[in-house]
There are 2 protein chains.
Amino acid sequence: MELYSPAYFMNEAMKQAQIAYEEDEIPVGAVIVCRNRVIARAYNQTEKLTDVTAHAEMLAITSASMALGAKYLTECELYVTLEPCVMCAGASYWSQLGGVHYAASDPKRGFGKVGRELLHPKTKLSHGLMAVEAKQLLDSFFKKLRN
Amino acid sequence: MELYSPAYFMNEAMKQAQIAYEEDEIPVGAVIVCRNRVIARAYNQTEKLTDVTAHAEMLAITSASMALGAKYLTECELYVTLEPCVMCAGASYWSQLGGVHYAASDPKRGFGKVGRELLHPKTKLSHGLMAVEAKQLLDSFFKKLRN
């Protein structure tokens, strides 16, 4: 079996963000990986679903639990193109995700503003992979929105 | 039109918690009220749905948005039998709920441990209504679980 790299998985999350962009949603994408396999893919759908809870990470967590038939995602890693908000960090806490890896930071609404303790103590955290590309896509979206 | 009291609405949330109890879910119930009308009712379904995001408040927020056809719930009030967790407080922030009213406190996993700023600044907050009954139901659930 081919072993995929974190960059590969983040790129898969970026593809989801691109779909969101094309559907006029704030472009954030996420994938959840379990044992080197993408088991869930999702993008932000708050507009389409008229539902503030429909963030990419929330949909990905629900979808991964369905795929595994398990509430806890201790052996899974979340790759997401933007720093999760407090709600999504809280969901990641309950799911006990093995890892959270985000691309661009969100100084305004990211969970980091509150603190790393919002994540489960066993959740590994990393960020910065493809941050430039993720931020470019977001900037481009908000520029399009203003015009 | 009859005007209902906060106690009436909290009692409606308690009825939802009771359903959760009977279905072997951690007994937390919620209703969302808009202009004196209950527009959404939900109870915790994390076991049944195998989904850590299926807290009563999350399901109620999604359901209320569907009922109103609107993402923002500025004219709505959430009544919930247990202090919301960080995830649910985050969801309430995004929905800009007009009010959050909870019965029992949750010193361990309630959002209050992190801070009131997790809620939207415009969200009114109250607690303690039917707190004894809500806690009794939770205690009874965990006692049943241990036996």
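Scoring rules and cut-offs
Residues numbered from 1 in each chain as written. Chains lettered and ligands numbered in written order. Predicted model: local features only at pLDDT ≥ 70, side-chain atom pairs only at ≥ 80, totals over all residues. Heavy atoms only, no water. Least-squares fit on C-alpha atoms with pLDDT ≥ 70 in both. Contact = heavy atoms within 4.5 Å. Salt bridge = Lys/Arg side-chain N within 4 Å of Asp/Glu carboxyl O. Helix = DSSP H or I, 4+ residues; strand = E, 2+ residues; numbered from the N terminus. Buried < 20%, exposed > 50% of the residue type's maximum accessible area, 1.4 Å probe, protein only. UniProt positions renumbered as here; feature names shortened; annotations may be inferred. Pairing = 2+ DSSP bridges. Expected span 1.5 Å × (residues − 1). Arc of directions from axis to C-beta. Buried area = accessible area lost by both parts, 1.4 Å probe. Polar contact = N/O pair within 3.5 Å; in protein donor to acceptor, adjacent residues only side chain to side chain. Axes fitted to C-alpha atoms, helices over the stretch in contact; angles between N-to-C directions. Parallel < 35°, antiparallel > 145°, perpendicular 65-115°, else oblique. Left-handed = near helix turned anticlockwise from the far one by under 90°. Nonpolar A, V, L, I, M, F, W, Y, C, P; charged D, E, K, R; others polar.

A word on the relation of the copies chain A and chain B. Each copy of the sequence occupies a distinct position, and chain A is placed on chain B by a rotation of 180 degrees and an axial shift of 0.0 Å, giving an RMSD of 0.0 Å. The superposition operator between the copies reduces to a two-fold rotation axis. Within chain A, the C-alpha atom positioned nearest to the axis of rotation is that of Met87 of chain A, 2.0 Å from it. Same-surface contact between copies: 100% of interface residues of chain A are shared with the interface of chain B.

On to the pattern of salt bridges, then. One pass over the full model with this rule turns up 14 salt bridges over all chains. A salt bridge links Arg35 of chain A to Glu75 of chain A, with the shortest nitrogen-to-oxygen separation between them at 2.9 Å. Taken together, the residues Arg35 of chain A in the loop between β1 (29-34) and β2 (37-43) and Glu75 of chain A in the loop between α2 (56-68) and β3 (76-82) connect sequence positions 40 residues apart. When its relative accessible area of 63% is taken as the criterion, Arg35 of chain A is described as exposed. Lys144 of chain B is the partner of Asp24 of chain B in a salt bridge, and the nearest nitrogen-oxygen pair spans 3.1 Å. Placement of the pair is Asp24 of chain B in the loop between α1 (6-22) and β1 (29-34) and Lys144 of chain B in helix α4 (residues 131-146), with a sequence separation of 120 residues. By sharing partners, the salt bridges in this structure join Glu12, Lys15 and Arg41 of chain A into a single network.

Quick look at the UniProt feature "active site" (unreviewed entry) in chain A now. All names here are of chain A. Per the UniProt entry, the sites bearing "active site" (unreviewed entry) are Glu57 in this numbering. Relative to the assigned elements, Glu57 resides in helix α2. Residue contacts for Glu57: discarding those within four places in its chain leaves Ala30, Leu78, Val80, Leu82, Pro84, Cys85 and Cys88.

The next subject is the pairing of β2 of chain A. In terms of burial, β2 of chain A is largely enclosed, as five of its seven residues are buried. Remark: two residues form the turn of the hairpin made by β1 of chain A and β2 of chain A, two consecutive strands paired antiparallel; Arg35 of chain A in that turn has positive phi of roughly 45 degrees.

The next thing to look at is α4 of chain B. Note: α-helices contain 3.6 residues per turn, so residues at a spacing of three or four share the same orientation. Residue and element names in this part refer to chain B. The end-to-end C-alpha separation of α4 is 23 Å, in line with the 22 Å expected for 16 residues at 1.5 Å each. Within α4, burial applies to Ala134, Leu137, Leu138 and Phe141. Buried positions in α4, seen along its axis, are confined to an arc of 95 degrees and lie on one side of it. Among the exposed residues of α4, those pointing more than 90 degrees away from its buried face are Val132, Gln136, Lys143 and Arg146.

What follows concerns the interface of chain A and chain B. With 25 residues of chain A at the interface, the matching set in chain B holds 25 residues. Of the roughly 2200 Å² buried between chain A and chain B, counting both surfaces, carbon and sulfur atoms make up 71%. When the buried area of chain A at its contact with chain B is split by residue, Val52, Lys71 and Trp94 of chain A rank highest and sum to 30% of it. Inspection of the chain A/chain B interface yields two salt bridges. Note that Glu47 of chain B is salt-bridged to Lys71 of chain A, the shortest N-O span being 2.7 Å. If you look at where chain A meets chain B, you find eight residue pairs in polar contact (both at pLDDT 80 or more). Breaking the side of chain A that touches chain B down by element, the ones donating at least two residues are α2 and α3 (86-95) of chain A. Tallying contributions element by element places α3 of chain A first for the side of chain A that touches chain B, with seven residues.

The geometry of α3 of chain A relative to helix α3 (residues 86-95) of chain B is characterised by a closest axis approach of 7 Å and an angle of 155 degrees between their N-to-C directions. Considering their axes alone, α3 of chain A and α3 of chain B lie roughly antiparallel with respect to each other. At the point where α3 of chain A passes α3 of chain B, the crossing takes the left-handed sense. Where α3 of chain A approaches α3 of chain B, its residues Val86, Met87, Gly90, Ala91 and Trp94 of chain A are matched on the opposing element by Val86, Met87, Gly90, Ala91 and Trp94 of chain B. Residue composition of the contact of α3 of chain A with α3 of chain B, by class: eight nonpolar, two polar and no charged.

This chain's UniProt record puts "domain: CMP/dCMP-type deaminase" (unreviewed entry) on residues 4-114 of chain A. Helix makes up 36% of residues 4-114 of chain A and strand 23%, whereas the separation of the span's terminal C-alpha atoms amounts to 32 Å.

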